[in-house]
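Structural overview for review
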Amino acid sequence: MEKDNKKVILWLLTGCFLIFIMVVVGGITRLTHSGLSISNYKLISGTLPPMNETEWQEAFDLYKQYPEYKKLNNHFNLQDFKDIYFWEWFHRLIGRFIGVVFLLPFLYFLIKKQLSKPTIKKCIVLLCMGAFQGFMGWYMVKSGLVDNPDVSHYRLAAHLTTAFVTFAYTFWVALDLIFPNKKRINIPFRNVVRWGLAILMLQIIYGAFVAGLDAGFIHNHWPMMSEGKFMHETVYIEQTPLYKNFIEGKSGVQFVHRILAYVVVISIIIIWQKSKKLNLTNLQIKGINGLLIMVVVQFLLGVFTILLQVPVWLGVVHQVGAFFLLSIMTFTLHRFSK
């Protein structure tokens, strides 16, 4: 690690940690159905929650004007509203804090000329990704304030995936500074790892689909969904044309998520097996072994999440598992990159 880069690396890894916390709190917000509790967006004044009973009542009265209260939560009292308000407010507060943590140190390092030109370009990309992530959060919430008292699962998936990608890219930029010396690589094997990452990202998107459609609360059996065995599972046809069942139907989306779980496991086993034929560094070996261990843990978490009908704590742990798996995959790919 170069001495001049230590503060920059610490800054980037702090950003990674904060994005991780943001995703965890976002998962709790989703699983507690708190995401539509704040129906207006105020960048500055919205930083503080209501400070007295009058302000709380005003916020509650505003919430009553939207579909979630009218169609689902009309039995709520003020205390019920405060409970869901907290998680959405906390989620937005962390988002604001991440913006400050990224922007101010970046300007400081820029003025102090502690960033190389390539790092400056990467950091500008990070700032743009962060801004886009904030926009996607607003765009997602907006979809649940019109007629349907739930957010679009497409927008939720875009919001969550953007967070995962932003984390992975921030981690990658930090790794570039931690390991400035590049080693000779095996390009065919690197491509295998890339495919593994692509499959994992597709699985993360489908995990968001499952969350957005509440598809984890049905077919709470494993390895069967309702009847029949794996690869012969019954998938309820809910929509036409047929393909829509696998992107908008609860049964179809859960089915695809299950199948992709097996594909992710198989792809990582293939990476592990192929790596045995190569002369690897210690860090490369640790990355691949970490992938194998984490994918087993994540698979088991997914199974128990379904069997137990998605308790909040387990749903969050399963999402954290996906985060760790993406982290290890990013690290492993970086160790095989130019």
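My aim in this report is to walk through the structure given alongside it, one point at a time. (Residues numbered from 1 in each chain as written. Predicted model: local features only at pLDDT ≥ 70, side-chain atom pairs only at ≥ 80, totals over all residues. Heavy atoms only, no water.)

**Examining the overall build of the chain**
Broken down by element type, the chain carries 10 helices and 0 strands. Starting at the N terminus and ending at the C terminus, the chain contains elements arranged as α-α-α-α-α-α-α-α-α-α. Taking 2.2 N^0.38 as the reference for a compact globule, 338 residues should give roughly 20 Å; the C-alpha atoms of the chain span a radius of gyration of 22 Å, in line with that estimate. Overall, the chain is about 65 × 60 × 30 Å in size when its C-alpha atoms are taken along their principal axes. For the chain, with 338 residues in total, the buried portion stands at 48%. Contacts in the chain between residues far apart in sequence, at least 24 positions, make up 77% of those at least 6 positions apart. Only carbon and sulfur atoms are counted for the fraction: they give 67% of the accessible area of the chain, which is about 17600 Å². Side-chain charges in the chain split into 33 positive and 18 negative, and the spacing between the mean points of these groups amounts to 19 Å. (Helix = DSSP H or I, 4+ residues; strand = E, 2+ residues; numbered from the N terminus. Rg over C-alpha atoms; globule rule 2.2 N^0.38 Å. Buried < 20%, exposed > 50% of the residue type's maximum accessible area, 1.4 Å probe, protein only. Contact = heavy atoms within 4.5 Å. Areas by Shrake-Rupley, 256 points an atom, 1.4 Å probe, with all protein chains shown as cover. Lys, Arg positive; Asp, Glu negative; His and termini not counted. Charge placed at Lys NZ, Arg CZ, Asp CG, Glu CD.)

**Regarding the nonpolar core**
Of all hydrophobic cores here, the largest spans 73 residues; its most connected members are Trp11, Leu12, Phe164 and Leu325. Those elements that provide at least two residues to this core are helix H1 (6-31), helix H4 (78-111), helix H5 (117-142), helix H6 (153-178), helix H7 (187-213), helix H8 (250-275), helix H9 (282-307) and helix H10 (312-335). One finds Ala59, Phe60, Phe76 and Phe81 within the second-largest nonpolar core, a separate group that totals 12 residues. (Core = buried A, V, L, I, M, F, W, Y, C linked by side-chain atoms within 4.5 Å.)

**Quick word on the environment of Glu58**
Note on placement: Glu58 falls in helix H2 (residues 53-63). Overall, Glu58 belongs to the exposed group, its relative accessible area being 52%. As for Glu58 and Arg190, which are separated by 132 residues in sequence, their C-alpha atoms are 56 Å apart.

**What about unusual backbone geometry?**
Following Trp222, the chain continues into Pro223 via a peptide bond in cis, with omega recorded as 5°. Of note, Pro223 is situated in the loop between H7 and H8. Positive phi outside glycine occurs at Gln309, with the angle close to 60°. Residue placement: Gln309 occurs in the loop between H9 and H10.

**Let's talk about the pattern of salt bridges**
If you walk through the whole model with that rule in mind, you get 6 salt bridges. A salt bridge links Asp61 to Lys64; its shortest N-O distance comes to 3.9 Å. Several salt bridges converge on common partners, so that one network encompasses Arg30, Asp150 and Asp214. (Salt bridge = Lys/Arg side-chain N within 4 Å of Asp/Glu carboxyl O.)

**Things to note about the state of the cysteines**
Scanning the model with the defined rule gives 0 disulfides in all. Here Cys123 stays unpaired: no disulfide links it, and the sulfur of Cys128, its closest cysteine neighbor, is 11 Å away. (Disulfide = S-S within 2.5 Å.)

**As for the side chain of Ser337**
By the element assignment, Ser337 lies in the segment after H10. There is a polar contact of 2.7 Å between the side chain of Ser337 and the backbone oxygen of Leu333. When sequence neighbours within four positions are dropped, the list of residues in contact with Ser337 reads Trp172, Ile185 and Arg190. (Polar contact = N/O pair within 3.5 Å; in protein donor to acceptor, adjacent residues only side chain to side chain.)

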